[in-house]
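Coordinates in review
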Amino acid sequence: MTPMLPGGGGGSDHRVSFSAPRSFTTAFKSDLKETFFPDDPFHDFKGKSFPIKAKKTLQYFVPIFEWLPNYTRRLFMFDLLAGITIASLAIPQGISYAKLADIPPIIGFFVPPLIYSVFGSSKHIAVGTVAASSLIIAATLGKKVDPDTDPELYLDLVFTTTLISGVAQLILGVFRLGILVDFLSHSTITGFMGGTATLICLQQLKGIFGLKHFTTHTDVVSVIQAILKNRKEIRWESTSVGVIFLIFLQFTKYVKQKKPKLFWVSAIAPMVVVVSGCVFAYLAHAEKHGIAIVGDLKKGINPPSIRRLNFDPKYISAPIQAGLITAMIALAEGIAIGRSFAIMENQQIDGNKEMIAFGLMNIVGSFTSCYLTTGPFSKTAVNYNAGCKTQMANVVMSICMMLTLFFLAPLFSYTPLVALSAIIMSAMLGLIEYEKAYHLFKTDKFDFVICMVAFFCVAFISMDVGLMMSVALALVRALLYVARPTSAKLGNIPDTSLYRDVEQYPGATDIPRTLVLQLGSPIYFANSGYIRERILRWVRDEKAKKDSQGDDVEYVILDLGGVTSIDITGVETLVEVRRSLEAKQIKVVLVNPRLDVMEKLIVYEFHRKNRDRIRNRGVQIYTHANEGLQWQLTLDK
């Protein structure tokens, strides 16, 4: 800051706009667009003729019309290989996860991939069921209906849960409410998935040990107590087979990690386990040795289930609870995985379009004997590594599964339950991400706490409690950021016109008789009191410092470049700050206010009540003090 004569300053002088604020309609449309359409999805429509707009609209809402016209035989060969590969994984996992959800082993799960191939925007997602959602459905519905005593009613509620989940996902997508999924932070998902994986692994000990009696509760303590209570039922034959299968599956994962080109070894491993298990069970008469098998499976696909949807007030609370929770979990997992693989290809996917696709495939799935599906990591990773090029890989996978249901279903009736337990455990061990938890601990202790709260609450209480507790902690953290925003004192970088945070740049020099503060958040009712006190504390500390140096504070310049919005409480706060400082013979200058902030100040006539003139020349601000000197401040954005 350098003193200059009145009227000096060099160069043109551009004033801050004091024109009439935008109309309510204009401002509301702008805010609405930024809230629900931050990606501006229809920017390509501008200046186009009606036929082109109609074509682009159809391609936007039904993505298959965008990639199918350019589809080639060469692309199909890649997708054919990928589809067959993921089908070999999807079939045994589908049977395993259906068992986890306490529903019949074979469900018509080939329909959702077909729906996603039409409406989905990700080229890499492979649609399928997931363990976490399966366990949530079983745990929630099991409190209302026992799947063993009334399996038909229980299955009806599973289809109803799937419908509710799909409708919730569709509504979120249509109204572009993807922002709600953002409340499931990375640390929350990591802890939740880890805790769920731990529960699932422990529950599969029933199949590994060959136990006939077990607990219906999902917490760690109940599971361990059930194992100890029924330890006399443990069969060494079942345990030996389970351990062998588990070691084999883990070994194939190790091979994949060491030699990524051999990804197919890990991909076909579950199918190898199922086939070898069937052969072993058939030849060794496994049931006679205490090794339970899946049992009778009929050929063909299941009939439509639209008439099986049950909205009985006596039971509907459980499907609603399970449907809403699984909808959010499935969306968070599917969209996050889709975006992760899209980034690898330098591509982007629309989260809201994905919500619509997930919603439609679950709604149709509930009508066709399917239960909740999403984009699981294991199948998507295999699909990506297998070289998929388009959504056609899901079509190939669906056809393979349909052919299996028509011709090969009875062969899977000899599948040992211990083989399915081993497949589930192997898949779940990969979801307990120790390295990510340690990384959170090293980088952000609060995120680590959120992760651990989710993990331990899921493991020792319940999944819904763990999810709610971790989300609540994440919201508390967000509120702390909002209610206690950061501010910084700026100093001049020697031999430059730049002003930077003095804590970040210790070499920055103070400005004589002036305190420059940078505010970096919206100012509104939740934080206005803190901001007022923080500014006054900055002034108090600066006055004490300058007094010791024989200087004084005559000007406080507030850089509002980072203040994106302000409410009436925030404006009143600025008025209070100005009055408090003027009572101490300190003048306040507002610098670089944004449009939304300036409009509120104009309506409030703050600038007319302020005796200083606020003028903005790009990032150069001039203000005339009472002494007749003009001070120039260059604030680099």
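For every chain, the first residue of the written sequence is number 1, and numbering continues from 1 onward in sequence order. With pLDDT at 70 or above as the cut-off, local features in this predicted model cover only qualifying residues; side-chain atom pairs require 80 or more to be listed or tallied, and sums for whole chains, interfaces and linings still use all residues. Only hydrogens and water are set aside when side-chain values are computed; all heavy atoms of the structure are taken into account.

Under the annotation held in an unreviewed UniProt entry, the chain carries the name STAS domain-containing protein and is attributed to Centaurea solstitialis.

1. Overview of the pairing of strand E2 (residues 487-492)
So the rule is basically this: Buried means the residue's accessible area, taken with a 1.4 Å probe over protein chains only, is under 20% of the maximum for its type, while exposed means over 50%, and partly exposed covers the values in between. Where helices and strands are cited, they refer to DSSP runs of H or I of at least four residues and of E of at least two residues respectively, numbered from the N terminus. Two strands qualify as a pair provided DSSP detects at least 2 bridges between them.
For E2, a buried count of 5 out of 6 residues is recorded, marking the element as mostly surrounded by other parts of the structure. As defined by bridge partners, E2 adjoins strand E4 (residues 514-519) across 4 bridges and the pair is classed as antiparallel. Opposite Leu490, over in E4, you have Val516 as the bridge partner. Taken together, the 3 bridges between E2 and strand E3 (residues 499-501) define a ladder with antiparallel strand orientation. Among the inter-strand pairings, Asn492 is bridged to a residue of E3, identified as Tyr499. Two successive antiparallel strands, E2 and E3, enclose a turn made up of 6 residues, where Asp495 displays a positive phi of approximately 65°.

2. Topic: a negative patch on the surface
Convention followed: In this scheme, patches are assembled from residues that exceed 30% relative accessible area and form no salt bridge. Like charges are connected within 9 Å, while nonpolar side chains (Val, Leu, Ile, Met, Phe, Trp, Tyr) are connected within 5 Å. The accessible surface values rely on the Shrake-Rupley method and a 1.4 Å probe; as for residues, cover is taken only from the protein chains in view. Here, a salt bridge means any side-chain nitrogen of Lys or Arg that lies within 4 Å of a carboxyl oxygen of Asp or Glu. Charged residues are defined narrowly, with Lys and Arg counted positive, Asp and Glu counted negative, and His plus the chain ends left uncounted. Where a charge lies is defined by one atom per residue type: Lys uses NZ, Arg uses CZ, Asp uses CG and Glu uses CD.
On the surface, a cluster of negative charge is made up of Asp102, Asp146, Asp148 and Asp150. Within the secondary structure layout, Asp146 lies in the loop between helix H6 (131-141) and helix H7 (151-174). Among the residues examined, Asp146 registers a relative accessible area of 35% and is labelled partly exposed.

3. A closer look at the pattern of salt bridges
Scanning the entire structure with this criterion turns up 14 salt bridges. Taken together, the shared-partner salt bridges connect Lys489, Asp510, Glu542 and Lys545 into one network.

4. Focus on the environment of Leu114
In this structure, Leu114 sits in helix H5 (residues 111-119). A relative accessible area of 31% places Leu114 in the partly exposed class.

5. Quick look at the nonpolar core
Cut-off, in case you're wondering: Nine residue types can take part in a nonpolar core, namely buried Ala, Val, Leu, Ile, Met, Phe, Trp, Tyr and Cys, and a core is a set of them joined through side-chain atoms within 4.5 Å.
Counting residues in each nonpolar core, the largest one holds 102 residues, and the members touching the most others are Ile103, Val158, Phe192, Tyr371, Met428 and Met463. By size, the runner-up hydrophobic cluster in this structure holds 28 residues, among which are Leu519, Val553, Leu558 and Val575.

6. Comments concerning the packing of aromatic side chains
We count it as follows: Stacked, edge-to-face and tilted are the three classes for Phe, Tyr and Trp ring pairs, Trp counted by its six-membered ring, which pair at centre distances within 6.5 Å; planes under 30 degrees apart are stacked, over 60 edge-to-face, the rest tilted.
Evaluation of the coordinates by the stated rule reveals 7 aromatic pairs. Seen in terms of ring centroids, Trp67 and Tyr71 are 5.7 Å apart; in terms of plane orientation they differ by 70°. Their pairing is edge-to-face. Taken individually, Trp67 and Tyr71 each receive the classification buried, so the pair is uniform in this respect. Between Phe456 and Phe460 the ring centres are 6.2 Å apart and the planes differ by 25°, which places this aromatic pair in the stacked class. Taken together, the residues Phe456 and Phe460, both in helix H19 (residues 445-460) and 4 residues apart, mark about one turn of the helix.

7. Concerning the pairing of strand E6 (residues 587-591)
Short version of the rule: Whether a crossover is right-handed depends on one test, that the path from the first strand over the helix to the second runs clockwise when the strands point away from the viewer.
Counting buried positions along E6 gives 5 out of 5 residues, so the element sits mostly inside the fold. Side chains Lys587, Val589 and Val591 of E6 all project onto a buried face; the interleaved residues Val588 and Leu590 project onto the opposite face, where all are buried too. As defined by bridge partners, strand E5 (residues 555-559) adjoins E6 across 5 bridges and the pair is classed as parallel. Counted as the bridge partner of Leu558 is Leu590 from E6. Where the polypeptide runs from E5 across helix H22 (residues 568-582) and back to E6, its parallel neighbour, the crossover connection is right-handed.

8. A look at the sheet that holds E5
The condition is simple: Think of each axis as a best-fit line through the C-alpha atoms, taken over the contacting stretch in the case of a helix, with angles from 0 to 180 degrees between the N-to-C directions.
A sheet is described by the order of its strands in space; here 5 strands give the open sequence E3-E2-E4-E5-E6, paired in mixed fashion. With partners counted over all chains shown, the strands left at the sheet margins are E3 and E6, one partner each. Each strand of the sheet is rotated relative to its neighbour by a mean of 30°, with strand direction disregarded.

9. Considerations on the packing of H6 against H7
Put simply, the rule reads: An angle counts as roughly parallel when it lies under 35 degrees, as roughly antiparallel when it exceeds 145, as roughly perpendicular when it falls between 65 and 115, and as oblique in every other case. Should the near helix be turned anticlockwise from the far one by less than a right angle, the crossing is termed left-handed; should it be turned clockwise, right-handed. By definition, residues are in contact when any of their heavy atoms lie within 4.5 Å. Note that Gly is not counted as nonpolar here; it falls among the polar residues with everything else outside the nonpolar set of Ala, Val, Leu, Ile, Met, Phe, Trp, Tyr, Cys and Pro and the charged set of Asp, Glu, Lys and Arg.
At a minimum axis separation of 11 Å, H6 and H7 run at an interaxial angle of 125°. Between H6 and H7, the interaxial angle falls into the category oblique. Two packed elements cross with a definite hand, and for H6 against H7 that hand is right-handed. Seen from H6, the contacting residues are Ile137, Ala138 and Leu141; seen from H7, they are Tyr154, Leu157, Val158 and Thr161. Classifying every residue of the contact of H6 with H7 by side-chain character gives 6 nonpolar, 1 polar and no charged.

10. Let's talk about the packing of helix H18 (residues 434-443) against H19
Interaxial distance between H18 and H19 falls to 6 Å at its minimum, and their mutual angle equals 145°. Of the residues in H19, those in contact with Ala437, Leu440, Phe441, Lys442 and Thr443 of H18 are Lys445, Asp447, Phe448, Cys451 and Met452. Its residues assigned to classes, the contact of H18 with H19 comprises 6 nonpolar, 1 polar and 3 charged.

11. Notes on unusual backbone geometry
The phi angle at Arg513 is positive, at roughly 60°, despite the residue not being glycine. Here Gln585, not a glycine, exhibits a phi torsion of approximately 65°, which is positive. Relative to the helices and strands, Gln585 resides in the loop between H22 and E6. Under the relative-accessibility criterion, Gln585 is labelled exposed at 64%.

12. Let's talk about helix H11 (residues 236-258)
Formally: A helix is expected to reach a length of 1.5 Å times the quantity of its residues less one.
Here H11 spans 33 Å end to end across 23 residues, near enough to the 33 Å set by a 1.5 Å rise per residue. Within the sequence span of H11, burial applies to Glu237, Ser238, Thr239, Val241, Gly242, Phe245, Leu246, Leu249, Thr252 and Val255. Looking at the buried residues of H11, the elements they touch are helix H9 (205-209), helix H12 (263-284) and helix H17 (417-429).

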